[in-house]
Structure formats: C-alpha cells, structure tokens
Amino acid sequence: DATGRVIGVVGVGQDITELARVRAEQERVADDLTRLIDTANAPIIGIDADGRVNEWNQTAERLTGFTKHDVLGKGLVDEFITDDYKDSVRGVLNLALGGQETSNYEFPLFTKQGDRLAVLLNSTTRRDATGRVIGVVGVGQDVTALRKQQIRLHHAQKMESVGALTGRIAHDFNNFLAAIQGNLALVLEGFDDSVESAGNRDCLSDAASAAEDAAYLTRQLLTFSSQQI
C-alpha cells in the first residue's frame, strides 16, 4: 500500500508449454544422436578446436584398446598418430577446423598394444549455433585387413609374373641343354678305349655330367613356374 506494507502478490505469466516441448524434443534428439554415435559400427572420433579428443565411441575403443577415459582431453595427433603421419594428419585437421572438410583420408592409428591400424576417415566440421567452427568429427573405417590383403595380392601377382618369366627362360634353356647333351653323347660314342682318348673322354664326361645337373636345375625352375610342390 502507500505505506509500503505488503498487501498481496501480482504475477505476469508466459505460456512456455511449446518452449518446454521443443526443449524436451531437442534433448531427446540429442540423446538419440549420442546413442547412435556411441553404438555405431564404425569408429567415430571427435576433436575440439585445439585438437583435443572430445568424442570416442565404443567401436573406437574396441579397435584401439583405448577407453574414452584414456583419450578424452588428449591431443589426437600427438598421442595416437604414428610419427610419419603426424604432420599430414595435423594439416588435414587444421583444414577441417578452418571449414574445409576432407573425405576419405587414410592414416595409421596406434592401438594400446602398440599395433598400427590403417583407418580411412571422413571428417566433418562441427559448428555452434552462431556457425563458428568448434571442432571436427570423423567417421572412420578400419581398412587394416584390406591393406594386408592387397599387399598379399600384390606379392602373389609379382610371384606369378616371376614364375611366368622363369618358366619361359627355363624352357628355352632346356632346349639349349638338349642340344648340348645330344652332341656330347654323340662325341663320347666316337671315342675308342685308347689311352690317348681317355683324357678327352673324361673331360667330355664331366661336361655331360654338368649338363645333366643343369637339366635337373631347369626342371626345378619349370616346377616352380608351374606352382607345383
């Protein structure tokens, strides 16, 4: 009243039913996205604007052996990228932090056991409500087994080429040896049992023996080229 004594209460209200509903829906969507990221069948890794890990899902844990507790707040490049790729990965992440997204970038990642994984990563910038870049999130694919398979395939193809070349050389060499062995046999048949012929016969016998050894080696090369045991 005029003397300052409290005589009641007056309130000005605002209907926030819709606002509360929208907030509840936003929280539900955020929770759904969090569960989706955490349970995704692909490694998902996020960093903040300073390159520190702020997202590390269950698949990333399973592949690397590092738990979320192990990695959150630590520098992704400094702690978990192999030395030969630190500069290139840092460059890619800096581009993403600058708003330039990179798709399908492959780099090696350390595991807790010290093994090396080949990870194919697709990175996307994260922005706040004002559009400012606040980090990067990457969805990866473990391609370690694929790369090993490709190396084995390349080796097999190389060995197949070596085998084919070996086979051609051995086949031609075998023809030369056949002519050498045939002529040596004819010459040896022409010697008599005289003392004068003995020395020459011994020399040609040695040559014939060497030709037979060469023929055996050639057969081994042909066996290798045909991929037999």
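Up top you'll find the structure we're talking about.
Residues numbered from 1 in each chain as written. Predicted model: local features only at pLDDT ≥ 70, side-chain atom pairs only at ≥ 80, totals over all residues. Heavy atoms only, no water.

## A look at a nonpolar patch on the surface
Together, Val29, Leu33 and Leu36 make up an exposed nonpolar region whose accessible area comes to about 260 Å². Residue position: leucine 33 is located in helix H1 (residues 17-39). (Patch = residues over 30% accessible without salt bridge, like charges linked within 9 Å, V, L, I, M, F, W, Y side chains within 5 Å. Areas by Shrake-Rupley, 256 points an atom, 1.4 Å probe, with all protein chains shown as cover. Salt bridge = Lys/Arg side-chain N within 4 Å of Asp/Glu carboxyl O. Helix = DSSP H or I, 4+ residues; strand = E, 2+ residues; numbered from the N terminus.)

## Comments concerning the pattern of salt bridges
Scanning the model with the defined rule gives 13 salt bridges in all. Salt bridges linked by common partners bring Asp48, Asp50 and Arg52 together as one network.

## Regarding the packing of aromatic side chains
In this description, a pair of aromatic rings is defined by centroid distance and the angle of the planes. Per the stated rule, a full pass over the model turns up 2 aromatic pairs. Pairing phenylalanine 66 with phenylalanine 80 gives two aromatic rings, centres 5.0 Å apart and planes at 70°, and the pair type is edge-to-face. Of this pair, phenylalanine 66 sits in the loop between helix H2 (58-64) and helix H3 (68-71) while phenylalanine 80 sits in helix H4 (residues 76-80); the two residues are 14 residues apart in sequence, bridging distant segments of the chain. When sorted by exposure, phenylalanine 66 lands in the same class as phenylalanine 80, which is buried. Chaining the aromatic ring pairs together yields one cluster made of Trp56, Phe66 and Phe80. (Phe/Tyr/Trp six-rings, centres within 6.5 Å; stacked < 30°, edge-to-face > 60°. Buried < 20%, exposed > 50% of the residue type's maximum accessible area, 1.4 Å probe, protein only.)

## Focus: the layout of surface pockets
Space left empty within the atom packing is revealed by a probe, the size of a water molecule, rolled over the atoms. Computed from the structure, the largest pocket encloses a volume of approximately 170 Å³. In terms of lining residues, the largest pocket is bounded by Val29, Ala30, Leu33, Thr34, Leu36, Ile37 and Glu55. Of the residues forming the lining of the largest pocket, the biggest block, 6 residues, is contributed by H1. Per-class residue counts for the lining of the largest pocket are 5 nonpolar, 1 polar and 1 charged. (1 Å grid on protein atoms, 1.4 Å probe; cavity = no way out; pocket = protein on both sides within 12 Å on 5 of 7 lines; lining within 4 Å. Points joined across faces, edges and corners; volume = space filled by probe spheres on them. Nonpolar A, V, L, I, M, F, W, Y, C, P; charged D, E, K, R; others polar.)

## Let's talk about the pairing of strand S4 (residues 116-127)
Note: strand S3 (residues 105-110) against S4, 6 bridges, orientation antiparallel. Directly across from tyrosine 105, in S4, lies its bridge partner leucine 121. Turn length for the S3-S4 hairpin, with the two strands adjacent in sequence and antiparallel, is 5 residues, and the turn residue glycine 114 shows positive phi of about 90°. Between S4 and strand S5 (residues 133-142), which pair antiparallel in sequence order, lie 5 residues; one of them, glycine 131, sits at a positive phi of approximately 95°. (Pairing = 2+ DSSP bridges.)

## Focus: the pairing of strand S2 (residues 53-56)
Two elements, strand S1 (residues 44-48) and S2, share 3 bridges in a ladder whose sense is antiparallel. The partner of isoleucine 47 across the bridge, within S2, is valine 53. A loop of 4 residues connects S1 with S2, the two strands running antiparallel in sequence, and glycine 51 in this loop sits at a positive phi of about 85°.

## A word on the side chain of threonine 218
With respect to the helices, strands and loops of the structure, threonine 218 is situated in helix H7 (residues 195-225). Setting aside its immediate chain neighbours within four residues, threonine 218 contacts Ala170, Phe173, Asn174 and Leu177. (Contact = heavy atoms within 4.5 Å.)

## A short note on the side chain of threonine 82
Considering the arrangement of structural elements, one finds threonine 82 in the loop between H4 and helix H5 (86-97). Assessed through its relative accessible area of 3%, threonine 82 is described here as buried. Among the polar contacts listed, one links the side chain of threonine 82 to the side chain of aspartate 84, at a separation of 2.9 Å. Ignoring sequence-local partners within four residues, the contact set of threonine 82 consists of Pro108, Phe110 and Arg116. (Polar contact = N/O pair within 3.5 Å; in protein donor to acceptor, adjacent residues only side chain to side chain.)

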